[in-house]
Structures are given as C-alpha cells and as structure tokens.
Amino acid sequence: MTARRWQLAHGRHLDLGGKAVVVGILNVTPDSFSDGGLFDASEKALAQARRMIGEGALVVDVGGESTRPGAAAISASEEQARILPVIEALASAGEVLISVDTYRTDTARLAVAAGAHIVNDVWGLQREPDIARVAADTGAGLVIMHTGRDRAKLPDVIADQLAFLRKSLEIAHRNGVSDDRIVLDPGFGFAKETAEENLDLMARFSELKALGLPLMAGTSRKRFIGTVTGRDAADRGVGTAATSVILRLKGADLFRVHDVAFNVDALALADAMLARQTDWAKD
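Residues numbered from 1 in each chain as written. Predicted model: local features only at pLDDT ≥ 70, side-chain atom pairs only at ≥ 80, totals over all residues. Heavy atoms only, no water.

Student: Hey, could you go over the environment of Leu97 for me, with residue numbers and the actual values?
Tutor: Mapped onto the elements, Leu97 comes out in strand β5 (residues 97–101). Judged by relative accessible area, which is 4%, Leu97 ranks as buried. Separated by 37 residues in sequence, Leu97 and Val60 place their C-alpha atoms 6.4 Å apart. Once residues lying within four places of it in the same chain are set aside, the contact partners of Leu97 are Leu8, Arg12, His13, Leu14, Leu58, Val59, Val60 and His117. (Helix = DSSP H or I, 4+ residues; strand = E, 2+ residues; numbered from the N terminus. Buried < 20%, exposed > 50% of the residue type's maximum accessible area, 1.4 Å probe, protein only. Contact = heavy atoms within 4.5 Å.)

Structure below.
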C-alpha cells in the first residue's frame, strides 16, 4: 500500500497506507436503515462513540440524516440540532478524529467549527458544490463519495465511477482543495441496485486507484451483503468484515463500518498478510 498523509482540520492528520483505518458509523437519527433510533439521543450517541473508540476506531463519522432509499428529508436546522452537540462533546474529549456526514454547506461549516476534522459528502460535491469551499477554508479532510442517484449512469460500473469522481475532483480543485486533503469513496449501495453491480464494483475496485487518491470502502450492512448471506441488516457484521478484507487486498485504505470490532480484527489479518508479502518481495 502506498503511504500517504491525509491532512485534516485543526492541525491534525492521519497516515494512510501502512495499516487499515476503521471509521465507526454514528447515526444520530431515528430512521437509518440498520440502527435508526438506537443512538438518537446525545447520551446514547456518546456512549456508542466511546465503545467504537475502545474497539479500535480511529475516526467517528457522525450523521444526522438518513441516506437510505426513501428516507424522509429533514431541515438543516434539525440535522444540526442532532449532530452538533455530539461533535462538540467528542471534540472536547479529544479522543478521536471526527467526521461529519453531510452534504449541506452550512452544516459542514458549523460542524468543523464545533470540532470536526473531516467532511464526508455522500453527493460528491455535486449537490452543494460550495461544501468544497468549506474544506478549503477550514483545512478539513474531504471524503468525496460517488452516487448514482438522480442521474443516468454509464453502463460500465468503473467508467461511471471515473466520470463522476473526476467531475467531483474538478469541483474540489476549483475551490482550492488540495489532493492531500481528499479521500474517494465509491459509494457501495448508493444507486447500485443489484448485488451483481456491487460485487462487480468490489471485483474491479483496484481500477479506482487510477485516480491516484486514497480510497474508503463503505459496505457496512449493505443490502447486497444480505442478498449473498441471507442475513438481516443488523446481522451482517461478519459479511461486512469479509468485504473489508477483500477490499483491503484490492487497495482500500479506510473502512466505514457499524461493527468496529469485527472489522478491526479482520483487517489486522489482512494487514499482516500484506506485510508478509512485502517482506517476501524484498527477499
């Protein structure tokens, strides 16, 4: 794996490449697809964050609006009321890097001011392009995710990824975001409607390295894992860990997951094998 330093807000950074980085998902929502309502009170959310940190998450990704298909939209003020107290409390504790899962420019700016280090945009800067300016102005790390929602996709899964993400990168660069602040996410499950499409994306994941930037994998508990395993959403932790290992071997650097402990252990084995391969290559 290529070593890179990901520059983040508030003078922080994260070294990528040497070991897989696990990002814990913290949905402060009543309606997310697998854990809606479990952590929608600040005290419950903070307890969950502490648990994930204890299990090995280096980043906690805080979201206040469900992105599942068909989820009801909420206002920016409601989103902010859900997440800002949690971000402020996590930042004051200083235990973990904090990501905010939002596509709203105003929410992103307030979240970074509250202590978030990373902005994670599931619309890839293409819904509110000014969110890129927030990253540039604040120095925040920026996760740019691919989505196929609300547009016609190209028939080839990788061609569509490259076309969409290159457009997003143009927006980022035009607004002054440097590559050392960017991570790309292919958006498993976001308008990838069939198990086959998601499996094809996994199988060809290494082709995304052509973009020359670190990659995040977000397969956690997704429907395609349920299609393959027959498991309901809350019981897809082991299946998720299997996809994490596959994607680590294909070049992913970060893994956004609900079940931190499963993935930390699975990725430790993947990293150990990759290290042995490196040793063999030197002999």
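Next, the rest of the story.
Student: Tell me what's going on with the side chain of Thr107, and back it up with residues and numbers.
Tutor: Residue position: Thr107 is located in helix α3 (residues 105–114). Residue classification places Thr107 among the buried residues on the basis of a relative accessible area of 0%. Engagement of the side chain of Thr107 in a polar contact is seen with the side chain of Glu79, the distance being 2.7 Å. Leaving out residues up to four positions away in the same chain, Thr107 has contacts with Ala76, Glu79, Gln80, Ile83 and Thr102. (Polar contact = N/O pair within 3.5 Å; in protein donor to acceptor, adjacent residues only side chain to side chain.)

Student: Could you give an account of helix α8 (residues 237–249), with specific residues and numbers?
Tutor: The first and last C-alpha atoms of α8 sit 19 Å apart over 13 residues, in line with the 18 Å expected at 1.5 Å per residue. Within α8, the full set of buried residues consists of Gly237, Gly239, Thr240, Ala241, Thr243, Ser244, Leu247 and Arg248. With its phi angle positive at about 115°, Gly251 sits one or two positions after the end of α8. (Expected span 1.5 Å × (residues − 1).)

Student: Now, about the nonpolar core: what can you tell me, with residues and values included?
Tutor: Leu26, Val60, Val62, Ile87, Ile144 and Leu184 are the most contacted members of the largest nonpolar core, which totals 64 residues. For this core, the element with the highest residue contribution is helix α5 (residues 157–174), accounting for 8 residues. Setting aside anything within four residues of it in sequence, one finds Val60 in contact with Gly24, Leu26, Ala49, Met52, Ile53, Leu90, Val96, Leu97, Ile98 and Ser99. Core analysis: the second largest hydrophobic core is formed by 13 residues, Val21, Val23, Val59 and Leu254 among them. (Core = buried A, V, L, I, M, F, W, Y, C linked by side-chain atoms within 4.5 Å.)

Student: Account for the pattern of salt bridges, with residues named and values stated.
Tutor: Any two side chains of opposite charge can pair, on the condition that their charged atoms come close. Under the counting rule described, the total for this entry stands at 16 salt bridges. The partner of Asp61 in a salt bridge is Arg256, with the nearest N and O atoms 2.7 Å apart. Of this pair, Asp61 sits in strand β4 (residues 59–63) while Arg256 sits in strand β10 (residues 254–257), and the two are 195 residues apart along the sequence. One salt bridge in this structure joins Arg204 and Glu207, with 2.8 Å as the shortest N-O distance. Owing to a relative accessible area of 35%, Glu207 belongs among the partly exposed residues under this scheme. Counted as one network, the salt bridges with shared partners bring together Asp61, Asp101 and Arg256. (Salt bridge = Lys/Arg side-chain N within 4 Å of Asp/Glu carboxyl O.)

Student: Break down the sheet that holds β4 for me, with residues and values.
Tutor: Taken in spatial order, the 8 strands make up an open sheet running β8-β7-β6-β5-β4-β3-β10-β9, and their pairing is parallel. Of all strands in the sheet, those bounded by a partner on one side alone are β8 (182–185) and β9 (216–217). Bridging between β4 and β5 involves 5 bridges; their strand directions are parallel. Bridging across to β5, Val60 finds its partner in Ile98. Along the sheet face, α5 touches β7 (141–145) and β8 and points at about 150° away from the line of β7. (Pairing = 2+ DSSP bridges. Axes fitted to C-alpha atoms, helices over the stretch in contact; angles between N-to-C directions.)

Student: Give a description of the pairing of strand β1 (residues 4–7) that names residues and reports values.
Tutor: With 4 bridges joining them, β1 and strand β2 (residues 13–16) adopt antiparallel strand pairing. Looking across to β2, one finds that Arg4 is bridged to Leu16. Hairpin connection, β1 to β2: the antiparallel pair is bridged by 5 residues, and His10 has positive phi, about 60°.

Student: Before we move on, can you summarise the packing of helix α1 (residues 42–55) against helix α2 (residues 76–93) with the specific residues and values?
Tutor: In contact at an axis separation of 10 Å, α1 and α2 are set at 40° when each is read in the N-to-C sense. One way to sum up the angle between α1 and α2 is to call them oblique. For the pair α1 and α2, the sense of crossing is right-handed. For the pair α1 and α2, the contacting residues are Ser42, Ala45, Leu46 and Ala49 in the first and Pro85, Val86, Ala89 and Leu90 in the second. In terms of residue class, the contact of α1 with α2 is built from 7 nonpolar, 1 polar and no charged. (Parallel < 35°, antiparallel > 145°, perpendicular 65-115°, else oblique. Left-handed = near helix turned anticlockwise from the far one by under 90°. Nonpolar A, V, L, I, M, F, W, Y, C, P; charged D, E, K, R; others polar.)

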